[in-house]
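Notes for the structure review
In case you want the letters, here they are:
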Amino acid sequence: AQSVTQLGSHVSVSEGALVLLRCNYSSSVPPYLFWYVQYPNQGLQLLLKYTSAATLVKGINGFEAEFKKSETSFHLTKPSAHMSDAAEYFCAVSDPSGYSTLTFGKGTMLLVSP
Amino acid sequence: NAGVTQTPKFQVLKTGQSMTLQCAQDMNHEYMSWYRQDPGMGLRLIHYSVGAGITDQGEVPNGYNVSRSTTEDFPLRLLSAAPSQTSVYFCASRLYSNQPQHFGDGTRLSIL
């Protein structure tokens, strides 16, 4: 069985500060990993994905994430936060074999203050 | 290209009523899923399908029914609505298991 833990239901940063959202996963096989963003009253939008290629993955809007197998982590970072980054972020894991489903973490709300 | 389309966007039901949430995708994706989103709970999988005629249960299937007669459509049926089913429902689709999900805009359902 696979699972995802997102540390911190809320993270607050100042505009221009580093953004770090934590994600740890549990999977019996090397997983596929995804980060999604959800703006208020909208669906989920893909930020980036890891599917066993390069361990440092670059996504949209200046976000990136690094797959660290030894730490079973896939933390999301952005060097400089912008007010428009305020949203809820979800980490998700998928078993790459066969008819795999996607398991989501509980989400982290990013708050950006001026 | 419409992507994943969910209807209705909002719905209010009374306890015991039944209804169907519609989901359609035009990307010829084999995999389709229904999730519910509740505050602090993330997205939880209700039912999913890996192709026409093939469905399976997810984490929270009780009280919901699905069928997949075509590749494009994957409706979710509430058999007898309960207040605990008040939630935001998302439909998603993807081509293969290593591909990201494409999400609809959601259906906001309130059950009184």
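Here, every reference points to the structure presented above.
Here the structure is a predicted model, which is why all the values come from computation and not from measurement. (Residues numbered from 1 in each chain as written. Chains lettered and ligands numbered in written order. Predicted model: local features only at pLDDT ≥ 70, side-chain atom pairs only at ≥ 80, totals over all residues. Heavy atoms only, no water.)

Residues and elements named next belong to chain B. When you line up the elements, Asp38 lands in strand E4 (residues 31-38). For Asp38, the side chain forms a polar contact with the side chain of Arg36, separated by 2.9 Å. In contact with Asp38, other than residues within four places in its own chain, are Arg44, Thr86 and Ser87. (Helix = DSSP H or I, 4+ residues; strand = E, 2+ residues; numbered from the N terminus. Polar contact = N/O pair within 3.5 Å; in protein donor to acceptor, adjacent residues only side chain to side chain. Contact = heavy atoms within 4.5 Å.)

Before going further, it helps to examine the layout of surface pockets. Here the largest pocket is characterised by a volume of approximately 430 Å³. Lining the largest pocket are 24 residues, and of these Gln38(A), Glu88(A), Met109(A), Gln37(B) and Pro39(B) lie nearest its centre. Elements supplying a minimum of two residues to the lining of the largest pocket: strand E9 (87-94) of chain A together with E4 and strand E9 (87-94) of chain B. Within the lining of the largest pocket, the residues separate by chemical class into ten nonpolar, ten polar and four charged. (1 Å grid on protein atoms, 1.4 Å probe; cavity = no way out; pocket = protein on both sides within 12 Å on 5 of 7 lines; lining within 4 Å. Points joined across faces, edges and corners; volume = space filled by probe spheres on them. Nonpolar A, V, L, I, M, F, W, Y, C, P; charged D, E, K, R; others polar.)

Moving on to the state of the cysteines. Per the counting criterion, the structure on display carries two disulfides over all chains. Residue Cys23(A) pairs covalently with Cys91(A) via a disulfide, S to S 2.0 Å. Sign of the S-S torsion, about -60° for the bond between Cys23(A) and Cys91(A), identifies this disulfide as left-handed. Linking Cys23(A) in strand E3 (residues 19-26) with Cys91(A) in strand E9, this pair joins segments that are 68 residues apart in sequence. With a relative accessible area of 0%, Cys23(A) lands in the buried category. With its sulfur 1.9 Å from that of its partner, Cys23(B) forms a disulfide with Cys91(B). Negative torsions about the S-S bond denote left-handed disulfides, and the value of about -70° found for Cys23(B) with Cys91(B) makes this one left-handed. You can see Cys23(B) sitting in strand E3 (residues 19-25) and its partner Cys91(B) sitting in strand E9, a full 68 residues away along the chain. Both residues of the pair, Cys23(B) and Cys91(B), count as buried. (Disulfide = S-S within 2.5 Å. Buried < 20%, exposed > 50% of the residue type's maximum accessible area, 1.4 Å probe, protein only.)

Here the focus is the pattern of salt bridges. Residue and element names in this part refer to chain B. Per the counting criterion, the structure on display carries four salt bridges over all chains. Between Arg44 and Asp38 there is a salt bridge, and its shortest N-O distance comes to 2.8 Å. The exposure classification of Arg44 matches that of Asp38, with both residues buried. Counted as one network, the salt bridges with shared partners bring together Arg36, Asp38 and Arg44. (Salt bridge = Lys/Arg side-chain N within 4 Å of Asp/Glu carboxyl O.)

Looking now at the nonpolar core. Counting 27 residues, the largest nonpolar core has Trp35(A), Leu48(A), Leu76(A) and Tyr89(A) as the members making the most contacts within it. Setting aside anything within four residues of it in sequence, one finds Leu76(A) in contact with Val19(A), Leu20(A), Leu21(A), Trp35(A), Leu47(A), Leu48(A), Phe63(A), Glu64(A), Ala65(A) and Tyr89(A). Ile46(B), Tyr64(B), Ala81(B) and Ile111(B) belong to the second-largest nonpolar core, a separate cluster that totals 19 residues. (Core = buried A, V, L, I, M, F, W, Y, C linked by side-chain atoms within 4.5 Å.)

The interface is formed by 23 residues belonging to chain A together with 21 residues belonging to chain B. The contact between chain A and chain B buries some 1700 Å² in all, and 56% of this surface belongs to carbon and sulfur atoms. On inspection of chain A and its partner chain B, the count reaches zero salt bridges. Taken together, the links from chain A to chain B amount to three residue pairs in polar contact (both at pLDDT 80 or more). A per-class count over the side of chain A that touches chain B returns ten nonpolar, ten polar and three charged. (Buried area = accessible area lost by both parts, 1.4 Å probe.)

Residues and elements named next belong to chain B. Here E4 lies mainly inside the structure; eight of its eight residues are buried. Burial along E4 is two-sided: the residues Tyr31, Ser33, Tyr35 and Gln37 and Met32, Trp34, Arg36 and Asp38 are all buried. In this structure, E4 lies alongside strand E5 (residues 42-51), joined through seven bridges in antiparallel fashion. Across the sheet, residue Tyr35 finds its bridge partner in E5, namely Leu45. Hairpin geometry of E4 and E5 is characterised by an intervening segment of three residues between the two adjacent antiparallel strands and by a positive phi of about 75° at Gly40. (Pairing = 2+ DSSP bridges.)

Residues and elements named next belong to chain B. Relative to the helices and strands, Pro83 resides in the loop between strand E8 (76-78) and E9. What makes Pro83 partly exposed here is its relative accessible area of 48%. When sequence neighbours within four positions are dropped, the list of residues in contact with Pro83 reads Thr15 and Ile111.

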